[in-house]
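In case you want the letters, here they are:
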Amino acid sequence: MNDTSHAPVTVTLTGAGGQIGYAALFRIAAGDMLGPDQRVRLRLLEIPQGMRSAEGTALELADCAFPLLDSVELTDDASIGFDGTNIALLIGSRPRTAGMERGDLLEANGAIFGPQGRAIGAAAADDVRVVVVGNPANTNALIAQQHAGGVPAERFTALTRLDHNRAVGLLAAEAGVAVPEVAGITIWGNHSATQYPDVSGATIGDRPALDVVDAEWARGAYIDRVAKRGAEIIEVRGGSSVGSAANAAIEHVRDWVLGTGERRTSAAVVSRGEYGVPEGLISSFPVRAVDGAWNVVEDLEIDAFSRERIDRSVAELVSERDAVRGLGLIG
Ligand code: NAD
Ligand code: LMR
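Everything numeric here is computed off the predicted structure, so don't read it as measured data. (Residues numbered from 1 in each chain as written. Chains lettered and ligands numbered in written order. Predicted model: local features only at pLDDT ≥ 70, side-chain atom pairs only at ≥ 80, totals over all residues. Heavy atoms only, no water.)

Trainee: Any details on the packing of helix α1 (residues 19-30) against helix α2 (residues 51-64)? Residues and values, ideally.
Mentor: Where α1 contacts α2, the axes come no closer than 11 Å and their chain directions differ by 30 degrees. Considering their axes alone, α1 and α2 lie roughly parallel with respect to each other. For the element pair α1 and α2, the recorded crossing hand is right-handed. Contacts from Tyr22, Leu25, Phe26 and Ala29 of α1 reach α2 at Thr57, Glu60, Leu61 and Cys64. (Axes fitted to C-alpha atoms, helices over the stretch in contact; angles between N-to-C directions. Helix = DSSP H or I, 4+ residues; strand = E, 2+ residues; numbered from the N terminus. Parallel < 35°, antiparallel > 145°, perpendicular 65-115°, else oblique. Left-handed = near helix turned anticlockwise from the far one by under 90°. Contact = heavy atoms within 4.5 Å.)

Trainee: How would you summarise the UniProt feature "binding site: NAD(+)" (unreviewed entry) in the chain if you had to cite specific residues and measurements?
Mentor: The sites that UniProt annotates as "binding site: NAD(+)" (unreviewed entry) are Gly15, Ala16, Gly17, Gly18, Gln19, Ile20, Gly21, Asn109, Gln116, Val133, Gly134 and Asn135. Within the secondary structure, Gly18 sits in the loop between β1 (9-14) and α1. Excluding residues within four positions of it along the chain, Val133 makes contact with Ile20, Leu90, Ile91, Leu159 and Ala249. (UniProt positions renumbered as here; feature names shortened; annotations may be inferred.)

Trainee: Now, about the packing of aromatic side chains: what can you tell me, with residues and values included?
Mentor: According to the stated counting rule, one finds six aromatic pairs in the structure shown. Their ring planes at 80 degrees and their centres at 4.8 Å tell us that Trp188 and Tyr275 sit as a pair that is edge-to-face. Taken together, the residues Trp188 in strand β8 (residues 186-188) and Tyr275 in the loop between β12 (265-270) and β13 (282-290) connect sequence positions 87 residues apart. Taken individually, Trp188 and Tyr275 each receive the classification buried, so the pair is uniform in this respect. (Phe/Tyr/Trp six-rings, centres within 6.5 Å; stacked < 30°, edge-to-face > 60°. Buried < 20%, exposed > 50% of the residue type's maximum accessible area, 1.4 Å probe, protein only.)

Trainee: Residues and numbers for the pairing of β13, please.
Mentor: Burial within β13 is extensive, with seven of its nine residues counted as buried. Bridge count for β12 against β13 is six bridges, and the pairing is antiparallel. Counted as the bridge partner of Ala267 is Phe285 from β13. Alignment of β13 against strand β14 (residues 293-296), held across four bridges, turns out to be antiparallel. What sits directly across from Ala289, in β14, is Trp294. In this structure, the hairpin formed by β13 and β14 is closed by a connection of two residues, where Asp291 is found at a positive phi of approximately 50 degrees. (Pairing = 2+ DSSP bridges.)

Trainee: Residues and numbers for the site of ligand 1, please.
Mentor: If you check the shell around ligand 1, you find 25 residues, and the closest are Gln19, Glu46, Ser93, Val133 and Asn135. Within the side chain of Glu46, one N or O atom sits 2.5 Å away from an oxygen atom of ligand 1. In the model, a nitrogen atom of ligand 1 is placed 3.2 Å from a nitrogen or oxygen of the Gln116 side chain. When ligand 1 sits alone it has 870 Å² of accessible area, and the protein chains cover 88% of it. (Near = heavy atom within 4 Å. Polar contact = N/O pair within 3.5 Å; in protein donor to acceptor, adjacent residues only side chain to side chain. Areas by Shrake-Rupley, 256 points an atom, 1.4 Å probe, with all protein chains shown as cover.)

Trainee: So what's going on with the confidence of the model for the chain? Which residues, and what values?
Mentor: Averaged over all residues, the pLDDT of the chain equals 95, while 96% of them reach at least 70. Prediction confidence for the complex, expressed as pTM and ipTM, is 0.96 and 0.99 respectively. (pLDDT = per-residue confidence, 0-100.)

Trainee: Summarise the sheet that holds strand β7 (residues 182-183); cite the residues concerned and give the values.
Mentor: What the three strands build is an open sheet, ordered β7-β10-β11; its pairing is antiparallel. What marks the edges here is a single partner per strand, and that holds for β7 and β11 (207-208). In this structure, strand β10 (residues 203-204) lies alongside β11, joined through two bridges in antiparallel fashion. If you follow Thr203 over to β11, its bridge partner there is Pro208.

Trainee: Run through the packing of helix α6 (residues 161-175) against helix α11 (residues 243-258), naming residues and quoting values.
Mentor: Packing of α6 against α11 brings their axes to within 8 Å, and their N-to-C directions diverge by 105 degrees. On the basis of their axis angle, the class for α6 and α11 is roughly perpendicular. Taking contact as the criterion, the partners of Arg161, Leu162 and Asn165 in α6 are, on α11, Ser244, Ala245, Asn247, Ala248, Glu251, His252 and Asp255. Partitioning the contact of α6 with α11 into residue classes produces three nonpolar, four polar and three charged. (Nonpolar A, V, L, I, M, F, W, Y, C, P; charged D, E, K, R; others polar.)

Trainee: Go over α6, please, and point to the residues and values.
Mentor: With 15 residues, α6 ought to run about 21 Å at 1.5 Å a step, and its terminal C-alpha atoms sit 21 Å apart, in line with that. Listed as buried for α6 are Arg161, Leu162, Asp163, His164, Arg166, Ala167, Val168, Leu170, Leu171 and Ala172. Residue Gly176 follows α6 closely and has a positive phi angle near 70 degrees. (Expected span 1.5 Å × (residues − 1).)

Trainee: Before we move on, could you go through the pattern of salt bridges and cite the residues and values that matter?
Mentor: The final tally for this structure, using the stated rule, is 17 salt bridges. Across the pair Asp32 and Arg27 runs a salt bridge whose closest N-O atoms are separated by 2.8 Å. With a relative accessible area of 30%, Asp32 lands in the partly exposed category. Arg27 gets classed as partly exposed once you look at its relative accessible area, which sits at 26%. The salt bridge involving Arg312 is made with Glu308; its shortest N-O contact spans 2.9 Å. (Salt bridge = Lys/Arg side-chain N within 4 Å of Asp/Glu carboxyl O.)

In structure tokens form, the structure reads like this:
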């Protein structure tokens, strides 16, 4: 029998009435995020227009009779939604639709994340950990972090695990191997088309990835395919990715809390200047999680090609930061 005696963890999910919320909540309540022994209290934070849909999800959660689910609370008030929260998944925002550029999202979504950051600073638990999924995720995370006085900056992260998983899956498919054979991939920079999926240090089985797959493909079509996979999904599905995004958010939090061991993954974390990324930006890096904290894996070799690609994506993050500063969304 499972030991469900741990004190419950409070998980707040914004956008709970939306698609990713729907795909994530049942898995969180089933124990996929925090483990099979960890009870959870769910807080579903929505805007008034989304409350009805979130209520429906809450009814379905009740109908699952999950043993690990202590309670489900719905609110459209951020100060209640983040009160005592240990883990916040900031999903609620406006998804990109066909033909819409990410830059258009800055203004539409920026204003959501300042107030949410403030509410987290004022009300969340001391150990709060935040992952931003809503796009533009890195810059939304920066806005929230800048408003959350008193919360250590490194508790704010943005999701690039989906990009990482896409990069692993596509490389494994090209090499004709099973996913667990692939290691050492890094997503650098922004969760956007400028991101750099880097296989230069990756391995397939016990061989360098670049000895197994065509290097020209790995530095051309592959990068494009991974970086534009979000747009490909929108085109093919007629809406942005949902199941894979929920899965990635769950894996991000699970690794952060439970640790990665020696396995490397990618997450957008606050730069302390590693690899020349300006301090304070929330940029994707190679990371491992140890004792509940993300650590950037340092001292990887960066060749001229990688340098140029990393710099390009980081320059986009700088311009997004400057744009939201210009809009008065951060100081
Ligand atoms: P959706 O439109 O189905 O759901 C969004 C929900 O958020 C809606 O129910 C809406 O009412 C709610 N919402 C809006 N503003 C809110 C606020 N201030 N507080 C609380 N809730 C709020 O969208 P979705 O498909 O669930 O996608 C959500 C976001 O995730 C989008 O921005 C999308 O672009 C992004 N996304 C990110 C990744 C990633 O890898 N980082 C991947 C896929 C999607
Ligand atoms: C994704 O990567 O699938 C999402 O961020 C949607 C998008 O706008 O690309």
